[in-house]
Amino acid sequence: MAVVKANAYGHGLDLVTAALRDADGFAVARLDEAIAVRQLGTRRRVLVLEGPAAPAETAVARQYSLDLAVHCEEQLEWLAPAVAGLNIWLKLDSGMHRLGFMPEEVPAALRRLQSLEPASITLMTHLASADLPDDPMTEKQLAVFTACAGEIDEISVANSAGLLAWPGARGGWVRPGIMLYGISPFAERNGCDLGLQPAMHFRSRLLATRRVAAGETVGYCGTWTAQHDTCIGTAAVGYGDGYPGNLPGGTPVLVDGRRCELAGRVSMDLITIDLGPGAAESAGAEVTLWGAALPVEEIARRAGRLAYELVCGVSQRVPRIPV
Ligand SMILES: *Cc1c(COP(=O)(O)O)cnc(C)c1O
């Protein structure tokens, strides 16, 4: 089940669902996202991971043939009038303590659900720390899950980190998200180290170049000072596009494939780049913020953020162009 929530992790829902049309299903967080996936034409399963947010959503899910997660008593009651024939994913809280029925609540929830006669019931849970190989949490969660899964046909546990690092989590439906986009779920490793290829290449162009003398400052608040005479390139990208506004001077940027460094603060629409004294690039040169030759994981570490956040944060005004 391909996880395509949050506009397919910022990559563009239409492009991603088309590229992944052979997935057995798609998973999103909310009902509106699931309707959008269905309206793009797939006939595969489309799962709402958070389940219904209000009683009326069950009928809408039915109208669009969506699968619903159920994580609490209120949702069980909201399902009651319209659940017959739907695929339901009963969510167990195996230790993350975010959503789901506690293990001791599962038998009663299951009986109640069975009495409503859905088309199928899948027991699912979510791993809190599968990206941390030495953390005992995952083994604990897997044991809790196995103890609850006894009489249930279909199961689902693994996210990307579970799939890559925990063979015991691979049973039934797997729910990879970030790895589908070529990005590592592990903080200290890049996707390319795992044999993944990044799907997103975040690019812009130089708008202008200028010579700047040693001692001059560049950008808002003059936070960056030229140590020697150099050439500054100004590119059409900024935090208004989702390029992190806190990235410091020195952050790598590729200009026509050549590794350069950010000079001064990121503005809303522009960045300034130290091209070096002998720079030959001029307006129109291609600027890569992240992509195959500059892993988004590296930029995320510089920004003190997750690669998940960077790709999800690419804003609406950036066109998604299939390559
Ligand atoms: C987002 C999400 C996933 C996918 O997680 P990744 O770390 O991106 O692979 C899987 N399951 C649930 C319940 C999620 O919310």
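Attention here is on the structure that accompanies the text. What you are looking at is a predicted structure, and each value in this text was computed from that prediction instead of being measured.

## Points about the side chain of S129
Here S129 is to be found in the loop between β6 (120-125) and α7 (137-148). Given the relative accessible area of 12%, S129 is considered buried. Leave out the neighbours within four places in its chain, and S129 touches D135, M137, T138 and Q141.

## Structural notes on the site of the ligand
Surrounding the ligand, one finds 13 residues, the nearest of these being K5, Y9, S160, I178 and Y308. The side chain of R175 places a nitrogen or oxygen atom 2.9 Å from a nitrogen atom of the ligand. Contact distances for the ligand include 2.8 Å between an oxygen atom and a backbone N or O atom of I178. Calculation on the ligand without its partners gives an accessible area of 390 Å², and the protein chains cover 91% of this total. For the shell around the ligand, a count of residues per class yields six nonpolar, four polar and three charged.

## Focus on the pattern of salt bridges
Tallying each qualifying case throughout the model produces nine salt bridges. With a shortest N-O distance of 3.7 Å, R203 and E286 are connected by a salt bridge. Here R203, found in strand β8 (residues 202-212), pairs with E286, found in strand β15 (residues 286-290); they are 83 residues apart in sequence, far enough to count as distant. With a relative accessible area of 40%, R203 lands in the partly exposed category. Classification of E286 as partly exposed rests on a relative accessible area of 29%. Its salt-bridge partner being D269, residue R317 comes within 2.9 Å of it at the nearest N-O pair. Pair noted here: R317 is in the segment after α10 (307-312) and D269 is in the loop between β13 (258-262) and β14 (271-274), with a separation of 48 residues, a long-range link. Note on R317: relative accessible area 47%, which makes it partly exposed.

Calculation rules
- Residues numbered from 1 in each chain as written.
- Predicted model: local features only at pLDDT ≥ 70, side-chain atom pairs only at ≥ 80, totals over all residues.
- Heavy atoms only, no water.
- Helix = DSSP H or I, 4+ residues; strand = E, 2+ residues; numbered from the N terminus.
- Buried < 20%, exposed > 50% of the residue type's maximum accessible area, 1.4 Å probe, protein only.
- Contact = heavy atoms within 4.5 Å.
- Near = heavy atom within 4 Å.
- Polar contact = N/O pair within 3.5 Å; in protein donor to acceptor, adjacent residues only side chain to side chain.
- Areas by Shrake-Rupley, 256 points an atom, 1.4 Å probe, with all protein chains shown as cover.
- Nonpolar A, V, L, I, M, F, W, Y, C, P; charged D, E, K, R; others polar.
- Salt bridge = Lys/Arg side-chain N within 4 Å of Asp/Glu carboxyl O.

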